[in-house]
Amino acid sequence: MEAILDGFKKAIELLFSLDAEIYHIILLSIFVSLASTLISTLFAVPIGIIVGTKNFPLKRLVVRFIYTMMSLPPVIVGLVVFLFIARRGPFGYLGIVFTPTAMIIAQIILVTPIITGIVYNGTKEKGEEIKRLAKTLGANRLETLFLLIKELRINIFTGIVSGYGRAISEVGAVMIVGGNIRGHTRVMTTAIAMLRNQGDYAMAIAIGLVLLFLSFIINSLLYNFQQGD
Amino acid sequence: MFFKKSKALSITVFMLILMLIFVGCSQPQEAAAPEAPAEETVSEENTTPEIENKTLLLSTTTSTENSGLLDAILPVFTRDTGIEVMVVAVGTGQALQMGRDGDADVLLVHAKASEEDFVAEGHGIERFEVMYNDFVLLGPLDDPADVAANAPNDILEALKLVYENEANFVSRGDDSGTHKMELSLWDELDLAPSGSWYAEAGQSMGAVLQMTDELLGYTLTDRATYLSMRTDLDLKIVTEGDNKLFNQYGIIAVNPDKNDKINAPAADLFIQWMLSDKGQQLIGEFGKDTFGDSLFIPNAK
């Protein structure tokens, strides 16, 4: 109990302290997760809409594949990405192992199926109707796509928030490909895992609370943005 | 709206019931607790103690677990005494913290100064030396800082070469015994390593060796972990055998005054067994058939 109360106290001190190391950890977490979520969105939204509105052979298999990928364990993604970019791996020559770039790549693989799956679900339900509406309005293909995105914005928003939530909270993938190097690839989740190993529970809880608080702020911002639209 | 409210209400009720169940379950244990110390005093008076509680919680460092030492010796202890040992393998920092919190019965760790503080502060009863292993400095096969040629058995000179050449170096950075050893060496040199060549990983020895291999850098490791992983690494020993690189393990029984769940009689028995001729011999023999050499050298007094 003492450790938990201590954690609360330290969390408040942390947020108001101007300790450069803590801010670096927090900012890197946000940067990596936002970057991976944004890049994933660029792929995932069109794929989700296309799979949701078009019929093609093996569609059921593709959908099942997307659903399976939605619950991909982060450690497995981390391991596979690591093996590809490690010195002995096929992309070893890029030299990106243990860098934020590697962390973003791993998270893109985790987040893209989540956004795709959620957008696909929404499109499956409402896509036909919206397409019919677009047709009556005489829209061309690009305009139809924009109308779909506009009408499906709640689904897309849900997908982005879920994807971002996955990215900022996962530890397995960023630990393996990033390596938790102090001042370079250490993010909030890997810092928490490390602090626990060192028995520094108060600090671990403190960073955990900061993580929770940031998720709350970012979700609120996105939610307000959605409401005001 | 009404429906939503009632749903929230039923969830609250459900949570309350759940909490009541937990509270209910924990009560019998608490009620039984005061009897435990009385039994312990009785057993201490016997010359051959009959130990009621047959499980012992050992908190130790990842090096003893990863090297396979515990798997080799603990079954023998269980056969001799009937006591099952549960092992929690963490960093020395957390192992000591578990002791402070009264979450372990006995500690087997390697950070002499911290262990002595631990006993001095009253968290442990007494510290006994059990065995030692040694640290080695590893470097890439091409050895860009020329450590092997210039400082094959002088660790301070070796680290100075790494520092001056700004050759990649991976530090445990996790407050472990190995990390503390590394920091004390930099301290002795009066150097403060920093910069992109010096990576603080905050991870286990195995992960750090893997990372050092990836970055083709230098790192300080215990010999046991290195030997168990060496076939997968493009790294070689560049410095070894310096007196400063010896790594003493201590064993400490946690002070049973902390809470009545601490199994002090079993902890005492385990310490006696580890320090006995039989325990010491088993420690010395471990690793000889696999690695051709002992990984831990017994040195109980």
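Naming follows an unreviewed UniProt entry, where chain B appears as Tungstate transport system substrate-binding protein of Natronincola peptidivorans.

Named according to an unreviewed UniProt entry, chain A is Tungstate transport system permease protein originating from Natronincola peptidivorans. According to the UniProt record, the Sequence similarities (unreviewed entry) comment for chain A is "Belongs to the binding-protein-dependent transport system permease family."

J.: Please set out the overall build of chain B residue by residue, giving values where relevant.
T.: Helix and strand counts for chain B stand at 14 helices and 10 strands. Within the span of chain B, comprising 301 residues, buried residues form 42% of the whole. Partitioning the contacts of chain B with sequence separation of at least 6, the portion at a separation of at least 24 is 74%.

J.: Break down the domain arrangement of chain B for me, citing the residues and quoting the values.
T.: Residue and element names in this part refer to chain B. Splitting chain B by domain gives domain 1 (53-132 + 248-298) and domain 2 (134-246). The C-alpha-based centres of domain 1 and domain 2 are spaced at 27 Å. Counting residues at the interface gives 15 residues for domain 1, matched by 15 residues for domain 2. Put simply, the parts of the chain that give the side of domain 1 that touches domain 2 at least two residues each are helix 3 (62-66) and helix 5 (92-100). Examining the composition of the side of domain 1 that touches domain 2, we find that 3 residues originate from one element, helix 3, more than from any other. Its residues assigned to classes, the side of domain 1 that touches domain 2 shows 5 nonpolar, 10 polar and no charged.

J.: Explain the packing of helix 8 (residues 155-165) of chain B against helix 9 (residues 177-189) of chain B residue by residue, including any values.
T.: Two numbers describe a pair of packed helices, the interaxial angle and the distance between the axes. Residues and elements named next belong to chain B. Relative orientation of the contacting elements helix 8 and helix 9 amounts to 85°, with a least axis distance of 10 Å. Taken together, the axes of helix 8 and helix 9 are roughly perpendicular relative to one another. Counting all contacts with helix 8, which are made through I155, L156, L159 and K160, the residues of helix 9 involved are L185, W186, E188 and L189. Of the residues in the contact of helix 8 with helix 9, the class split is 6 nonpolar, no polar and 2 charged.

J.: So what's going on with the interface of chain A and chain B? Which residues, and what values?
T.: Listed by partner, the interface residues are 14 residues for chain A and 17 residues for chain B. In terms of residue class, the side of chain A that touches chain B is built from 5 nonpolar, 6 polar and 3 charged.

J.: Explain the UniProt feature "domain: ABC transmembrane type-1" (unreviewed entry) in chain A residue by residue, including any values.
T.: Under the local residue numbering, the UniProt record ascribes the feature "domain: ABC transmembrane type-1" (unreviewed entry) to residues 26-222 of chain A. The annotated region residues 26-222 of chain A carries 79% helix and 0% strand content, and the separation between its end C-alpha atoms amounts to 19 Å.

J.: Kindly report on the nonpolar core, identifying the contributing residues and their values.
T.: Soluble, globular proteins show a tendency: their nonpolar side chains are buried together. Judged by nonpolar contacts, the single largest core of 85 residues is most densely connected at A106 and V177 of chain A. At 13 residues, helix 5 (residues 100-136) of chain A tops the list of elements feeding residues into this core. Contacts of V177 of chain A, omitting those with residues within four sequence positions, involve G78, V81, F82, V97, A102, M103 and A106 of chain A. Among the nonpolar cores identified, the runner-up in size contains 38 residues, and I73, F77, I252 and L269 of chain B belong to it.

J.: Lay out unusual backbone geometry with the relevant residues and their values.
T.: Positive phi values are uncommon outside glycine, yet F98 of chain A reaches one of about 60°. For F98 of chain A, the location among the structural elements is in the loop between helix 4 (74-85) and helix 5.

J.: An account of the UniProt feature "transmembrane region" (unreviewed entry) in chain A is requested, with residue identities and associated values reported.
T.: Residue and element names in this part refer to chain A. Per the UniProt record, the feature "transmembrane region" (unreviewed entry) sits at residues 22-49, 61-85, 91-120 and 201-223. In residues 91-120, helix accounts for 70% and strand for 0%; the two terminal C-alpha atoms are 32 Å from one another. This span, residues 201-223, is 100% helix and 0% strand, and a straight line between its end C-alpha atoms measures 32 Å.

J.: Explain the pairing of strand 9 (residues 246-254) of chain B residue by residue, including any values.
T.: Residues and elements named next belong to chain B. The buried fraction of strand 9 amounts to 7 of the 9 residues, a majority that puts the element mostly inside the structure. Bridging between strand 3 (residues 106-109) and strand 9 involves 4 bridges; their strand directions are antiparallel. Across the sheet, the residue bridging to L107 is I252, located in strand 9.

J.: So what's going on with helix 10 (residues 205-215) of chain B? Residues and values would help.
T.: Counting buried positions along helix 10 of chain B yields 9 of 11 residues, so the element is predominantly enclosed. All buried positions along helix 10 of chain B are accounted for by M205, V208, L209, Q210, M211, T212, D213, E214 and L215 of chain B.

J.: Describe the confidence of the model for chain B, naming the residues involved and giving the relevant values.
T.: All names here are of chain B. Taken as a whole, chain B shows an average pLDDT of 84; of its residues, 84% reach a score of 70 or greater. Scored below 50 in pLDDT, residues 23-48 makes 11 contacts in the model with residues more than four places away or belonging to other chains. Under the prediction, the complex receives an ipTM of 0.75, its pTM being 0.73.

J.: Explain helix 4 (residues 69-81) of chain B to me, and be specific about the residues and the numbers.
T.: Residue and element names in this part refer to chain B. Across its 13 residues, helix 4 extends 19 Å between first and last C-alpha, which sits within 8% of the 18 Å expected from 1.5 Å per residue. Here helix 4 has its buried residues at L69, I73 and F77. Looking straight down helix 4, one finds its buried side chains confined to an arc of 45°; they lie on one side. Turned more than 90 degrees from where helix 4 packs its buried face, D71, P75 and R79 sit exposed.

Parameters and conventions
Residues numbered from 1 in each chain as written. Chains lettered and ligands numbered in written order. Predicted model: local features only at pLDDT ≥ 70, side-chain atom pairs only at ≥ 80, totals over all residues. UniProt positions renumbered as here; feature names shortened; annotations may be inferred. Helix = DSSP H or I, 4+ residues; strand = E, 2+ residues; numbered from the N terminus. Buried ≥ 20, exposed ≤ 12 C-beta atoms within 10 Å, placed from the backbone. Contact = placed C-beta atoms within 7 Å. Domains from an automatic or database assignment. Nonpolar A, V, L, I, M, F, W, Y, C, P; charged D, E, K, R; others polar. Axes fitted to C-alpha atoms, helices over the stretch in contact; angles between N-to-C directions. Parallel < 35°, antiparallel > 145°, perpendicular 65-115°, else oblique. Core = buried A, V, L, I, M, F, W, Y, C linked by C-beta atoms within 7 Å. Pairing = 2+ DSSP bridges. pLDDT = per-residue confidence, 0-100. Expected span 1.5 Å × (residues − 1). Arc of directions from axis to C-beta.

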